[in-house]
Amino acid sequence: MTGTLTLWTYDWVPPGPRGFVRDLRLRWAAEEAGLAHEVRTVPFEGRETNHLEHQPFGQVPFLSDGDISIFESGACLLHLADKSEVLMPRDAVAAAQTRQWVVAALNSIEMVSVPWWFLAVSGDEDNALTGWLDARLQQLETVLSERDWLAADRFTVADLLMADVLRVPRVRAHGERPATEAYVARITDRPAFHKAHAAQMAHFAAADAKRA
């Protein structure tokens, strides 16, 4: 049974991560698909333990859809994509391609880019993960130089997630990959992204006002 679709995020975060907190992925997907939803929050303070019944690692986002509760942004995106052909093709072959690229965005790119980024911002710019990251990004550049979309010859949830992984400024600025840059610029220029991004920024700005 399903009911109100609710996307959960923190009530507030410091300025640095705003625009990149991963509830943005869910907001963006819901906007692309035209899915009615609401956004609710858990407190940022005490986040390590205050919502473990919904997210056992104390992170966001997670979603609730009636009796269904899901954590991890990739799993949440796949749930939303199942609700809309805009995000997930109904053709079996195209759907399989889409799912594999969703997993690739998380397991082949983000699993390298996030620890690389963390080391870089911690002062180790040319860290031991740089070669690995360069190889993965160049492999993706080869793919994107040959196609406009990752799957199904059109925009899918795989493009949404991959572009969100790649748009992190330090990752985006690392190296020369023209096909990848054009891809990220094109995907993040979609109206649904702009609307979702603005909504997240407004959410945290309103939280600032409440804390003042």
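Residues numbered from 1 in each chain as written. Predicted model: local features only at pLDDT ≥ 70, side-chain atom pairs only at ≥ 80, totals over all residues. Heavy atoms only, no water.

Draft legend 1. Looking closely at the domain arrangement of the protein. Here the protein is described as being made up of domain 1 (5–86 + 192–211) and domain 2 (92–189). Computed over C-alpha atoms only, the centres of domain 1 and domain 2 are separated by 21 Å. Every contact between the two is made by 18 residues of domain 1 and, on the other side, 20 residues of domain 2. Between domain 1 and domain 2, a total of about 1600 Å² is buried, with carbon and sulfur atoms accounting for 62% of that surface. In terms of surface lost to domain 2, no three residues of domain 1 exceed F20, R25 and W28, which account for 37% of the buried area on that side. Inspection of the region where domain 1 meets domain 2 yields four salt bridges. Put simply, R22 and E110 hold a salt bridge, and the shortest N to O gap is 3.0 Å. Joining domain 1 to domain 2, the criterion identifies eight residue pairs in polar contact (both at pLDDT 80 or more). Counting residues per element, the ones that place at least two in the side of domain 1 that touches domain 2 are α1 (23–33), α2 (73–81) and α8 (191–211). The element best represented in the side of domain 1 that touches domain 2 is α1, accounting for five residues. When its residues are assigned to classes, the side of domain 1 that touches domain 2 shows nine nonpolar, four polar and five charged. (Domains from an automatic or database assignment. Contact = heavy atoms within 4.5 Å. Buried area = accessible area lost by both parts, 1.4 Å probe. Salt bridge = Lys/Arg side-chain N within 4 Å of Asp/Glu carboxyl O. Polar contact = N/O pair within 3.5 Å; in protein donor to acceptor, adjacent residues only side chain to side chain. Helix = DSSP H or I, 4+ residues; strand = E, 2+ residues; numbered from the N terminus. Nonpolar A, V, L, I, M, F, W, Y, C, P; charged D, E, K, R; others polar.)

Draft legend 2. Representation of the packing of helix α3 (residues 92–121) against helix α5 (residues 157–166). At a minimum axis separation of 8 Å, α3 and α5 run at an interaxial angle of 10 degrees. Here α5 runs roughly parallel to α3, going by the angle between their axes. Taking contact as the criterion, the partners of T98, W101, V102, A104, A105, L106, I109, E110 and S113 in α3 are, on α5, V157, A158, L161, M162, V165 and L166. Considering only residue class, the contact of α3 with α5 consists of 12 nonpolar, two polar and one charged. (Axes fitted to C-alpha atoms, helices over the stretch in contact; angles between N-to-C directions. Parallel < 35°, antiparallel > 145°, perpendicular 65-115°, else oblique.)

Draft legend 3. Quick peek at the packing of aromatic side chains. Under the definition given, this model contains six aromatic pairs. On the numbers, 5.5 Å between centres and 85 degrees between planes, the contact of Y10 with F44 is edge-to-face. One end of the pair, Y10, is in strand β1 (residues 5–10); the other, F44, is in the loop between β2 (38–42) and β3 (62–65), and 34 residues separate them in sequence. F44 matches Y10 in its accessibility class, with the two residues each being buried. (Phe/Tyr/Trp six-rings, centres within 6.5 Å; stacked < 30°, edge-to-face > 60°. Buried < 20%, exposed > 50% of the residue type's maximum accessible area, 1.4 Å probe, protein only.)

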